[in-house]
Amino acid sequence: MTVAPRRTRRILAAALAGALVPAGLATGAAAQDTEAALVAEKTAPEILAEIGAEGDAEAWLLFTGSPDYGAAFDAAAKEQKGAAAVAAAKAYAETSQRDAVDVLDAAGADYESYWGASTIKVQADEDLLADLAALDTVEAVVAAPEYDMIEPVAPDGKDEAGGGFQTWDAVQSAAVEWGVADVGAPEVWDEGFTGEGITVASIDTGVQYDHPALADSYRGNNGDGTYTHDYNFYDIQDVCAGDAPCDDDGHGTHTMGTMVGNGGIGVAPDAEWIAVNGCCPSIETLILAGQWIAAPTDAEGRNPDPLKAPHVVNNSWGTTIPGYDPIYAEVVDLWHASGIIPVFAAGNNGPACLTMSTPGVYENVIAVGAYDEDHVVAEFSSRGHGLGGTLKPDVSAPGVAVRSSLPGDEYGLGDGTSMAAPHVAGAIALLMSASPTLEGDYEAVYETITGTAVDTPDDQCTGDDEANNVYGHGRIDVEDAVDEAPAGKFGSLSGTVTDQHGDPVAGARLVFEGGVVREATTNADGEYAFERIPAGRYRVSATKFLYGDATGTVRVNRNAAAVFDTEMELLETRTVAGQVVDGGGQGWPLDATVSTAAGEAVADTDPLTGEYSLVIPAEGDWPLTVETAYPGYEVVTVDPDDAALIEVPTADGCLAPGFGSTTLDERFETLAAPTGWEVVNNGDDDFPWVFDDPWGYGNMTPGSGGYAEANSDASDIEALTDTDLITAPFDLSAASEPTLSWANFFVDGGIGSEAEVLLSTDGGATWEQVWYTNEDLEATVETVDLTEWADQTAVQLKFHFTDNATWAYWWMVDNVRVGGCEALDGGLVRGHVTDAATGAPIEGARVVDPASGSGAVTDASGMYVLFTDPGDRTLEVSAPGYAAGTAAATVADGAVTGADAELEAES
């Protein structure tokens, strides 16, 4: 995980009218030293300055040349374009990066490589930078741009509660929201075009997939109350419970509602949506999100498939200062070659000219400005021009008092170009559903959308009545765009899928490939139907797990009804059943998921017995993947013939519950300072070590649940954050191994904070440093050899953090352990904490065994897992807003016991 910066520290690699590196930078050095000249010529000045001051710096390598997208652009169908484009991008990344990878591997450097934009991220010092700059294949070394959501502006000057969205009772639902009506969507609906057959995507904060306005249009909705999230949502930030889409901000749910929401909030209500929550922790996350858009993957990020890419992608994010990012430009090029239409918010940096946000400033994206219900440009809307004097924004759309969906089945108003851009993405979906020949054709879509926009004069930032740098080509008008687009020829198509016995096959996936690609899933009666589908010949494939594949062809004639029925053979099956247990020495049943490699069959174990059962084909190779819900266990693969008893080993790091050391083992699950430990505040702010996550950052260490946190980011700009966390004395001589370890997350970003661990054997009178860092160590398990003090009986450790008054980031610590990793005496208690009146799960409830001091915190499903001593236990359960309660459990050594609790809400 990479931390999302909260303030801008560096300008983008080049300004609007500037080059990547000043041409004269290396003039004198070239005559003196070729190596130094190459470094200066290729490297951004801020990187050179940071290396000079700090010794190293984060650097991003750009490479000469570009992917050969010829085959992609020549392909007729969008899906063929996508497959060719992804193959070309991967091939270019492999060849262009080869020399740099050899240098990095030889140096033992830690680096990350990407193919969506052929680039490598590396922490480089002066010597490594010189070796890289010397390569002919390395074109430039740049600093990472900083991106963020284009935050909504609170409507009517209201407080920005809910992330800038206004959700007070006075917000009333209209039959059709003003922005949807303003762009002409209802008139297009009346013609019968509502977005059917088109998939829109967003890179945003996620989406509430089961929101009443969005559930029906989610591509992962199977139509029978179940959902398939593979290829339809990617939790790239790893913040959602399980694989299901989530949105902990609201921005992504709001923008998606404007694109495809029902009930009058969405422009294209019958288009399907997919999403990735890539906005906006870092450029790394955004690149990976861009790759996913071009080739969606399963929920684990595996098995990419460009055939499942969307038709249009909305991006309501960008930089907060004008500039040009050469890295993400390559991702946009990949989308173009894949036939994906990129739409970006122009930014909320107005009202001055030259305030366009990147990537909206790129020439090859549709950047969208915002106007209000009176067709007056919003004051906040960013203005152009763009690069080389190009027109920006390209078009404008409704972006003031836009009502759309919000998490929690709610609705609210928002202002911003973030709200305007999805109007255009939805309009493009309507346009392509009416004119399928436009699918995958950016130039034709652009000309149609801009050519039919309503002229809106404004001379503030140069331009004329027909096109200017305030409204672009004008206000979007999808009704006229559809009228001007090539007329589509359509028919209808329906059919039934049965097995060899004539029984209907529900949930079969049919793919129709022709001039366009359409998909359908059969209902409970084995039926499917397209009320409208482009005329032409289609190759058909039907697939479903436990059935043999079926293929065929069908021709759909204009204004005629075609029928395609098919039969799928129900295969012989076998039932695999067994038990999943701990293999590290406890032997207790595990809460785990057992699945086939591609997730065709999935079974969850009974968490109290470890038992599971699933059905697979009788023939073929079907290895099973076993992944536990508890931290600290390996992911294992077993043969179905060996799956009666699956013993899962513990992973390195000793993070599994019930394993640790009797000398010192603290997991901070009580969300308070451990008994006998001391917190010292040496600073001049009110932010010493805390344990209850008061700022909602979440545990970023490899541990889970509660953790200790020293946080400069939460402090005032000029205040000193300096704090100690001191353990109670312990007998190191009794430890089976004189080793300290802990789950760690330290991030500084080169600002000036430091973290160290010190040791004392004299009650804290003197301290000796045993570990130190001022460099980022994200999600690591740190170990320290304490052999020098192995005979000491009263040892204390001090975790000391200081930001040196630089307003830096934070240090998170979990699973502090001294000694070996052993199976401890005790058992697991697991259960759910729910609201007594509604039965709703309570997230963040504290469950504590006061007798042993063990504790746990419930997750989003209200579930907790607690390791404690054997015997009759009375657990104390509490949560904000609820009266305290209890749960009784009889804990057996090496076993799992269930104990649920209900809490009464405080009146």
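Residues numbered from 1 in each chain as written. Predicted model: local features only at pLDDT ≥ 70, side-chain atom pairs only at ≥ 80, totals over all residues. Heavy atoms only, no water.

Draft legend 1. Inspection of the overall build of the protein at higher detail. Check the secondary structure of the protein and you find 14 helices and 50 strands. Here the C-alpha atoms of the protein give a radius of gyration of 29 Å, agreeing with the 29 Å that 2.2 N^0.38 yields for 907 residues. In terms of overall dimensions, the protein has C-alpha extents of about 85 × 80 × 60 Å along its principal axes. Within the protein, buried positions represent 55% of all 907 residues. For the protein, the computed accessible surface area is about 35200 Å², with 46% contributed by carbon and sulfur atoms. On the protein, the mean spot of the 34 positive side-chain charges and the mean spot of the 152 negative ones are 9 Å from each other. (Helix = DSSP H or I, 4+ residues; strand = E, 2+ residues; numbered from the N terminus. Rg over C-alpha atoms; globule rule 2.2 N^0.38 Å. Buried < 20%, exposed > 50% of the residue type's maximum accessible area, 1.4 Å probe, protein only. Areas by Shrake-Rupley, 256 points an atom, 1.4 Å probe, with all protein chains shown as cover. Lys, Arg positive; Asp, Glu negative; His and termini not counted. Charge placed at Lys NZ, Arg CZ, Asp CG, Glu CD.)

Draft legend 2. A look at the sheet that holds strand 38 (residues 768-773). Strand order in the open sheet formed by 5 strands is 33-35-40-37-38, and the pairing between neighbours is antiparallel. Two strands close off the open sheet at either side, each with one partner strand: strand 33 (678-681) and strand 38. The mean inter-strand angle of the sheet, taken between neighbouring strand axes irrespective of direction, is 20 degrees. Pairing of strand 37 (residues 754-760) with strand 38 involves 5 bridges; the strand directions are antiparallel. Paired with E756 across the bridge in strand 38 is Y772. (Pairing = 2+ DSSP bridges. Axes fitted to C-alpha atoms, helices over the stretch in contact; angles between N-to-C directions.)

Draft legend 3. Spatial organisation of empty space enclosed by the protein. Per the stated rule, a full pass over the model turns up 1 cavity of 30 Å³ or more. In this structure, the largest cavity encloses a volume near 30 Å³. For the largest cavity, the full set of lining residues is E177, W178, G179, V180, I265, A401, V402, R403 and H423. Element by element, the count of residues in the lining of the largest cavity is highest for helix 7 (residues 178-182), at 3 residues. Per-class residue counts for the lining of the largest cavity are 5 nonpolar, 2 polar and 2 charged. (1 Å grid on protein atoms, 1.4 Å probe; cavity = no way out; pocket = protein on both sides within 12 Å on 5 of 7 lines; lining within 4 Å. Points joined across faces, edges and corners; volume = space filled by probe spheres on them. Nonpolar A, V, L, I, M, F, W, Y, C, P; charged D, E, K, R; others polar.)

Draft legend 4. Representation of the packing of aromatic side chains within the structure. Counting across every chain of the model gives 36 aromatic pairs. Pairing Y69 with F73 gives two aromatic rings, centres 6.5 Å apart and planes at 85 degrees, and the pair type is edge-to-face. Between the aromatic rings of F545 and W622, the centroid separation amounts to 5.5 Å while the plane-to-plane angle is 75 degrees, which identifies the pairing as edge-to-face. You can see F545 sitting in the loop between strand 20 (536-543) and strand 21 (550-556) and its partner W622 sitting in the loop between strand 27 (611-617) and strand 28 (624-628), a full 77 residues away along the chain. These aromatic residues form a ring-pair network of at least three members: Y147, W317, Y328, W335 and F344. In this arrangement the basic side chain of K90 is found over the ring face of W115, its NZ or CZ atom lying 5.1 Å from the centre. Directly above the ring of Y371 sits R475, whose terminal nitrogen or CZ lies 5.9 Å from the centroid. (Phe/Tyr/Trp six-rings, centres within 6.5 Å; stacked < 30°, edge-to-face > 60°. Lys NZ or Arg CZ within 6 Å of the ring centre and 35° of its normal.)

Draft legend 5. Fine view of the environment of R537. Of note, R537 is situated in strand 20. Each C-alpha atom of the pair R537 and D499 lies 25 Å from the other, and the pair is 38 residues apart in sequence. If sequence neighbours within four positions are ignored, R537 has contacts with E513, G514, T553, V554 and R555. (Contact = heavy atoms within 4.5 Å.)

Draft legend 6. Main features of the pairing of strand 6 (residues 199-203). Counted residue by residue, strand 6 has 5 buried out of 5 residues, so it is predominantly covered. Both faces of strand 6 are covered, namely the face carrying T199, A201 and I203 and the face carrying V200 and S202. Examined bridge by bridge, strand 6 and strand 8 (residues 272-276) share 5 bridges and lie parallel to one another. When the sheet's bridge partners are listed, S202 is paired in strand 8 with A275. Sheet analysis places strand 6 next to strand 9 (residues 312-315), joined by 3 bridges and oriented parallel. When the sheet's bridge partners are listed, S202 is paired in strand 9 with N314.

Draft legend 7. Inspection of the state of the cysteines at higher detail. What the rule picks out here adds up to 4 disulfides. Sulfur-sulfur distance for the disulfide between C654 and C821 comes to 2.1 Å. Measuring handedness by torsion sign, the sulfur bridge of C654 and C821 sits at about 85 degrees and is right-handed. Here C821 lies in the loop between strand 41 (810-818) and strand 42 (822-823) and C654 lies in the loop between strand 30 (645-648) and strand 31 (659-660), a separation of 167 residues in the sequence. Owing to a relative accessible area of 5%, C654 belongs among the buried residues under this scheme. Each bonded cysteine in the protein gets a number by its place in the sequence, and the pairs come out as 1-2, 3-4, 5-6, 7-8. (Disulfide = S-S within 2.5 Å.)

Draft legend 8. Quick peek at a negative patch on the surface. Judged by side-chain charge, E187, D190, E191, D480, D483 and E484 come together as a negatively charged surface patch. Those elements that place two or more of their residues in the negative patch are helix 8 (185-190) and helix 14 (478-484). Take the negative patch: its biggest share by element is 3 residues, from helix 14. Along the chain, the position of E191 falls in the loop between helix 8 and strand 6. (Patch = residues over 30% accessible without salt bridge, like charges linked within 9 Å, V, L, I, M, F, W, Y side chains within 5 Å. Salt bridge = Lys/Arg side-chain N within 4 Å of Asp/Glu carboxyl O.)

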